[in-house]
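Letter by letter, the chains look like this.
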Amino acid sequence: MDLHDRAEWFCEEFTDYVLVDKTRHSIIVNIKKDYFKIVYKELQKLNYEMVFSKTLQDLNTITCTFTQKQHV
């Protein structure tokens, strides 16, 4: 299991709303705000960085896009 699969699996533990692009190694996830810190921290450990986020106040959720960091 590679890092991208592990990141996808981890996100699916918190929501059913996960979009994955295996070609670009990116993940879009919509989660409750309460889960944001743990998801953010764990995806950082898996070499992902957040490139976009949008909070939906009425639903108390946040939609985030993460991409795998590129090695130089």
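Just so we're clear, the structure is a prediction, and the values are computed from it rather than from any experiment.

1. With respect to the packing of helix α1 (residues 3-12) against helix α2 (residues 36-45)
Relative orientation of the contacting elements α1 and α2 amounts to 170°, with a least axis distance of 10 Å. Taken together, the axis directions place α1 and α2 in an arrangement best described as roughly antiparallel. From α1, Ala7, Phe10 and Cys11 reach across to α2, where they touch Ile38, Val39, Glu42 and Leu43. Looking at the contact of α1 with α2 residue by residue, the classes come out as six nonpolar, no polar and one charged.

2. Here we look at the sheet that holds strand β3 (residues 48-56)
Strand order across the open sheet formed by four strands is β1-β2-β4-β3, with antiparallel pairing between neighbours. In this open sheet, the two edge strands, each paired with only one partner strand, are β1 (18-21) and β3. With strand direction ignored, the average angle separating the axes of adjacent strands in the sheet is 15°. Strand direction decides the pairing type here: strand β2 (residues 26-32) and strand β4 (residues 61-68), joined by seven bridges, are antiparallel. By the bridge assignment, Asn30 is partnered in β4 with Thr63. Sitting on the sheet, α1 is in contact with β1, β2, β3 and β4, with an inclination near 15° to β2.

3. What to know about the state of the cysteines
Per the stated rule, a full pass over the model turns up zero disulfides. With no disulfide partner, Cys11 has as its closest neighbouring cysteine sulfur the one in Cys64, 9.1 Å distant. Owing to a relative accessible area of 1%, Cys64 belongs among the buried residues under this scheme.

4. Concerning unusual backbone geometry
Of note, the phi angle at His25 is positive, near 55°, even though the residue is not glycine. The residue His25 is located in the loop between β1 and β2 in this model. Of note in the backbone geometry, Asn60 takes a positive phi value of approximately 60° without being a glycine. Along the chain, Asn60 turns up in the loop between β3 and β4. Residue Asn60 is classed as partly exposed on the basis of its relative accessible area, which comes to 37%.

Rules of the game
- Along each chain, residues carry numbers from 1 onward, in the same order as the chain's sequence is written.
- Totals for whole chains, interfaces and linings use every residue, but because this is a predicted model, local features are given only for residues with pLDDT of at least 70 and side-chain atom pairs only at 80 or more, for both listing and counting.
- No hydrogens and no water enter the side-chain calculation; it runs on all heavy atoms of the structure.
- Under this scheme, a helix contributes an axis fitted over its contacting stretch, all axes are lines through C-alpha atoms, and angles between N-to-C directions fall in the 0 to 180 degree range.
- Numbering goes from the N terminus for both helices and strands, where a helix is a DSSP run of H or I of at least four residues and a strand is a run of E of at least two.
- Just so you know how the angles are binned, under 35 degrees is roughly parallel, over 145 roughly antiparallel, 65 to 115 roughly perpendicular, and the rest oblique.
- By the convention used here, residues are in contact when the closest approach between their heavy atoms is within 4.5 Å.
- Any residue outside Ala, Val, Leu, Ile, Met, Phe, Trp, Tyr, Cys, Pro, Asp, Glu, Lys and Arg is labelled polar, Gly included; the first ten of those are nonpolar and the last four are charged.
- We treat two strands as partners when DSSP finds at least two bridges between them.
- Note that a disulfide, as used here, is simply two cysteine sulfur atoms within 2.5 Å.
- Only protein chains enter the calculation, and the probe is 1.4 Å; a residue is then buried if its accessible area is under 20% of its type maximum, exposed if over 50%, and partly exposed in between.

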